[in-house]
Amino acid sequence: MRASDADRDRVAAVLREHYAEGRLNVEEFDERLDQVYRSKTHGELGVLTRDLPHVDLRAYTARATAVPEKKSEKDGGLKGAWAIWAMASGINWVIWLAVSLGTWEEIFPWPLLVMGPWGVALLVSSIAGRGRDDK
């Protein structure tokens, strides 16, 4: 009998369980998983789990994998904005330091003019966005 996508997904989930329990090594797991998605019949799927402890594939429902709680896109955007701010600030300080050491003169710390207003704007956005619940 022909296997459906749901049948293949169930067998793949069973293989993942056996791999997690140490019954399959990485190579065996990868090879069998590849064969699962190439299988066309229930017989071909059965061969892949024949040497593993019996699991009733029809009754097996794949355990939901623990998916971390999704954070809003705004949180990810703010993390990215802070990362860019930190990187740009670091680059500016390196340039300032190189120029200061190269000229042996006291140069105004101009990176503060770049990172100050930008950092304040990010801080305000972070604080204002923290109390908001978009659900």
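Preceding this section is the structure that the text describes.
Residues numbered from 1 in each chain as written. Predicted model: local features only at pLDDT ≥ 70, side-chain atom pairs only at ≥ 80, totals over all residues. Heavy atoms only, no water.

**Here we look at unusual backbone geometry**
Put simply, the rule is: Secondary structure elements are defined from DSSP: runs of H or I of at least 4 residues count as helices, runs of E of at least 2 residues count as strands, and each element is numbered from the N terminus. Three labels apply to residues, based on accessible area from a 1.4 Å probe with only protein chains included: buried if under 20% of the type maximum, exposed if over 50%, partly exposed otherwise in between.
The phi angle at W104 is positive, at roughly 55°, despite the residue not being glycine. Among the secondary structure elements, W104 is positioned in the loop between α4 (73-103) and α5 (111-130). Relative accessible area serves as the criterion here: at 75%, W104 is assigned to the exposed category.

**A word on a negative patch on the surface**
Condition: Each patch groups residues whose relative accessible area exceeds 30% and which form no salt bridge, using 9 Å between like charges and 5 Å between nonpolar side chains of Val, Leu, Ile, Met, Phe, Trp and Tyr. Note on areas: these come from Shrake-Rupley sampling with a 1.4 Å probe, and a residue is covered only by the protein chains present in the view. Every case where a carboxyl oxygen of Asp or Glu lies within 4 Å of a side-chain nitrogen of Lys or Arg is listed as a salt bridge. A positive count includes Lys and Arg, and a negative count includes Asp and Glu. His and the chain ends are not counted in either. The atoms used to mark charge sites are NZ of Lys, CZ of Arg, CG of Asp and CD of Glu.
A grouping of E27, E28, D30 and E31 is seen on the molecular surface, where their side chains present a negatively charged patch. Here E28 lies in helix α2 (residues 26-38). With a relative accessible area of 34%, E28 lands in the partly exposed category.

**Overview of the packing of helix α1 (residues 5-20) against helix α3 (residues 42-49)**
The condition is simple: Axis angles are defined between N-to-C directions and span 0 to 180 degrees, where every axis is a line fitted to C-alpha atoms and, for a helix, only to the segment in contact. By definition in this entry, angles of less than 35 degrees are roughly parallel, angles greater than 145 are roughly antiparallel, angles of 65 to 115 are roughly perpendicular, and the rest are oblique. In this description, contact between two residues means that some pair of their heavy atoms is separated by no more than 4.5 Å.
At their nearest, the axes of α1 and α3 sit 11 Å apart, and the two run at 0° to each other. Accordingly, the angle class assigned to the pair α1 and α3 is roughly parallel. Together, D7, R8, V11, V14 and L15 of α1 and H42, L45, L48 and T49 of α3 make up the contact between the two elements.

**Considerations on the nonpolar core**
Formally: Working definition of a nonpolar core: buried Ala, Val, Leu, Ile, Met, Phe, Trp, Tyr and Cys residues. They are joined through side-chain atoms within 4.5 Å.
In terms of nonpolar packing, the biggest core is built from 11 residues, these being A3, V11, A12, L15, L24, F29, L33, V36, L45, L48 and L52. Filtering out sequence-adjacent residues up to four positions away, V36 remains in contact with R8, V11, A12, L15, L45 and L48.

**Some points on the packing of aromatic side chains**
Note the cut-off: Aromatic rings from Phe, Tyr and Trp, taking only the six-membered ring of Trp, are treated as a pair when their centres fall within 6.5 Å; an angle between ring planes under 30 degrees marks them as stacked, one over 60 as edge-to-face, and anything in between as tilted.
Taken as a whole and assessed by the stated rule, the structure comprises 3 aromatic pairs. Pairing Y19 with F29 gives two aromatic rings, centres 4.7 Å apart and planes at 20°, and the pair type is stacked. Highlighted residues: Y19 in helix α1 and F29 in helix α2, separated in sequence by 10 residues. Overall, the relative accessible area of 34% leaves Y19 in the partly exposed class. On the accessibility criterion, F29 (11% relative accessible area) is buried. Aromatic pair W82 and W85: ring centres 5.3 Å apart, planes at 85°, arrangement edge-to-face.

**Here we look at the packing of α1 against α2**
Rule in force here: Basically, the charged four are Asp, Glu, Lys and Arg, the nonpolar ten are Ala, Val, Leu, Ile, Met, Phe, Trp, Tyr, Cys and Pro, and anything else, Gly included, counts as polar.
Closest axis-to-axis distance for the α1/α2 pair is 10 Å, and the angle between their directions is 175°. The angle between α1 and α2 falls in the class roughly antiparallel. On α2, the residues that touch R8, D9, V11, A12, L15, R16 and Y19 of α1 are V26, F29, R32, L33, V36 and Y37. Grouping the constituent residues of the contact of α1 with α2 by class yields 9 nonpolar, no polar and 4 charged.

**As for the environment of K79**
Following the sequence through the fold, K79 ends up in helix α4. By relative accessible area, which is 54% here, K79 ends up exposed. Sequence separation between K79 and L122 is 43 residues; the distance between their C-alpha atoms is 9.9 Å.

**Details of the side chain of N92**
Note on placement: N92 falls in helix α4. Note on N92: relative accessible area 14%, which makes it buried. With near-sequence residues (within four places) excluded, N92 lies in contact with W110, P111 and V114.

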